[in-house]
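Chain by chain, the residues:
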Amino acid sequence: MTIEFIGFASTKEYSESGGTADGPVVDPAYLRAVATAHEESGFEQVLIAHSSASPDGFVIADQVLTATERLAVLLAHRPGFLAPTLAARSYATLDAFHPGRIAMHVITGGDDADQARDGDFSDKPTRYARTDDFLTVVRKAWESEKPFDHEGDFYRVAQGWSSVRPARPIPVYFGGASGDAVRVGGKHADVYAFWGEPLAGIAERIREVRAAAAPYGRQTRFSVSLRPIVADTEEQAWAKAEEILERAKERAGGPQPGFKNLDHQQQEGSKRLLDAAAKGDVHDKRLWTSVAKVTGAAGNSTALVGTHEQVADALLDYVDLGVSTLLIRGFEPLADAIAYRTVIDLVREGAARRTPVAASA
């Protein structure tokens, strides 16, 4: 079984266990170092995240792709701020310069305040309905050899056509935990992305998405996002985890770069992580939820704690459920990208010997 690893592209040195370095928000040399480290460690892709305060993702994506030879970019996009025809051409243009190395990660937007900062005051059901219409137009722009018309609830296009189209389909990744998210993601997603829930929760979510995708004949793949904390011994790994937790407690309630004053608990995915955290600090073999509890489950905030071998074994448990993409991101972006090479090798070796057990429909 082929396993895809995705890392995280940071534009400046930023330690979530100890704060952020002084200097500009975008440090080109650091971005190149992070991209190179991920490529050398065996990652297939890096995620470029999005918020109302983030640097422009298309520019960052081009810089990462130019600085590397094989590494692909999973570029987060929030529908509603660019016309779908323009967004489709932007992704297709990146693909033309870097064939097969760009993917779209659709994040509809779970926080009303972050949406409002960019001028969007629609509610979540409306945003998901808009995403549905948006992705329909994007696919047409990527695939249509002749001019097309589109008449949707949010977008109207008359004789739309793009002179630049991807030679191969650009993969669409999709995140969201609400019922609306599953409905829209089941219709459009090539890869459906989950945050790092306990194994039983991931199995449940896989069943839900597969059921939503079935009417469209889609064979959806699945991704899980986790924050491995690894060391040479289990004791050292847990000591490192406790240090990270203490730093998180010190910074709790303070401003977070790109996410200042956001209410992550509006997001269904965050609620699920907090529900797990309320039931215990450790789930399954070594899924650690304490940071999620302290931070209000801001993003992918659950960790796997242990030696490289132990963490690889825990990741393979998700593979056994049918997960084929592992988004692993550390609390020290550059150092952890380098440190994860052993984990990546071990997971690939283990996956080659294991047959995943698909979650039942």
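Everything below is about the structure shown above.
Our subject in this report is the structure included herewith. (Residues numbered from 1 in each chain as written. Predicted model: local features only at pLDDT ≥ 70, side-chain atom pairs only at ≥ 80, totals over all residues. Heavy atoms only, no water.)

Taken in spatial order, the eight strands line up as E1-E4-E5-E6-E9-E10-E11-E16 and close into a barrel, and their pairing is parallel. In this sheet, neighbouring strand axes are inclined to one another by 25° on average, regardless of whether the strands run parallel or antiparallel. Sheet topology places strand E11 (residues 221–226) next to strand E16 (residues 325–328); four bridges connect them, and they run parallel. Looking at the pairing, Val 224 lines up with Leu 326 of E16. (Pairing = 2+ DSSP bridges. Helix = DSSP H or I, 4+ residues; strand = E, 2+ residues; numbered from the N terminus. Axes fitted to C-alpha atoms, helices over the stretch in contact; angles between N-to-C directions.)

Another point: the pairing of strand E9 (residues 172–175). By the alternation rule, side chains of E9 split into Val 172 and Phe 174 and Tyr 173 and Gly 175, which are all buried. Following the backbone out of E9, through helix H6 (residues 179–188) and into the adjacent parallel strand E10 (residues 191–195), one traces a crossover that is right-handed. (Buried < 20%, exposed > 50% of the residue type's maximum accessible area, 1.4 Å probe, protein only. Right-handed = clockwise from strand over helix to strand, strands pointing away.)

This model, assessed by the stated rule, comprises 20 salt bridges. For Lys 249, the salt bridge is made with Glu 246, and the minimal N-O distance between the two is 3.7 Å. Remark: Glu 246 and Lys 249 occur in helix H8 (residues 234–251); sequence separation between them is three residues, near one turn of the helix. Residue Lys 249 is classed as partly exposed on the basis of its relative accessible area of 44%. A salt bridge links Lys 271 to Glu 268; the nearest nitrogen and oxygen atoms lie 3.3 Å apart. Here Glu 268 and Lys 271 lie together in helix H9 (residues 268–279), a separation of three residues that amounts to about one turn. Taking relative accessible area as the criterion, Lys 271 reaches 35% and is therefore assigned partly exposed. (Salt bridge = Lys/Arg side-chain N within 4 Å of Asp/Glu carboxyl O.)

Attention shifts here to the layout of surface pockets. Looking at the second largest pocket, its volume works out to about 350 Å³. For the lining of the second largest pocket, the secondary structure elements donating two or more residues are strand E5 (72–77) and strand E6 (102–107). A class-by-class count of the residues in the lining of the second largest pocket yields 11 nonpolar, three polar and six charged. (1 Å grid on protein atoms, 1.4 Å probe; cavity = no way out; pocket = protein on both sides within 12 Å on 5 of 7 lines; lining within 4 Å. Points joined across faces, edges and corners; volume = space filled by probe spheres on them. Nonpolar A, V, L, I, M, F, W, Y, C, P; charged D, E, K, R; others polar.)

As a further point, take the side chain of His 283. Of note, His 283 is situated in strand E13 (residues 282–283). Polar side-chain contacts of His 283 include one of 2.7 Å to the backbone oxygen of Ala 276. Filtering out sequence-adjacent residues up to four positions away, His 283 remains in contact with Pro 198, Ala 276 and Thr 289. (Polar contact = N/O pair within 3.5 Å; in protein donor to acceptor, adjacent residues only side chain to side chain. Contact = heavy atoms within 4.5 Å.)

Moving on: the packing of aromatic side chains. By the definition in use, this model includes seven aromatic pairs. Note on Phe 174 and Tyr 192: the rings are 5.7 Å apart at their centroids and 45° apart in plane angle, and the pair reads as tilted. In this pair, Phe 174 is assigned in strand E9 and Tyr 192 in strand E10, connecting sequence segments 18 residues apart. Judged by relative accessible area, which is 0%, Phe 174 ranks as buried. Between Phe 194 and Phe 222 the ring centres are 5.7 Å apart and the planes differ by 15°, which places this aromatic pair in the stacked class. Taken together, the residues span a long stretch of sequence, with Phe 194 in strand E10 and Phe 222 in strand E11 at a distance of 28 residues. Judged by its relative accessible area of 0%, Phe 222 is buried. One aromatic cluster is present, built from ring pairs that chain together Tyr 128, Phe 174, Tyr 192, Phe 194 and Phe 222. The ring centre of Phe 331 lies 4.4 Å from the NZ or CZ of Arg 227, which sits over that ring. Lying across the ring of Phe 8, Arg 329 places its NZ or CZ 3.8 Å from the centre. (Phe/Tyr/Trp six-rings, centres within 6.5 Å; stacked < 30°, edge-to-face > 60°. Lys NZ or Arg CZ within 6 Å of the ring centre and 35° of its normal.)

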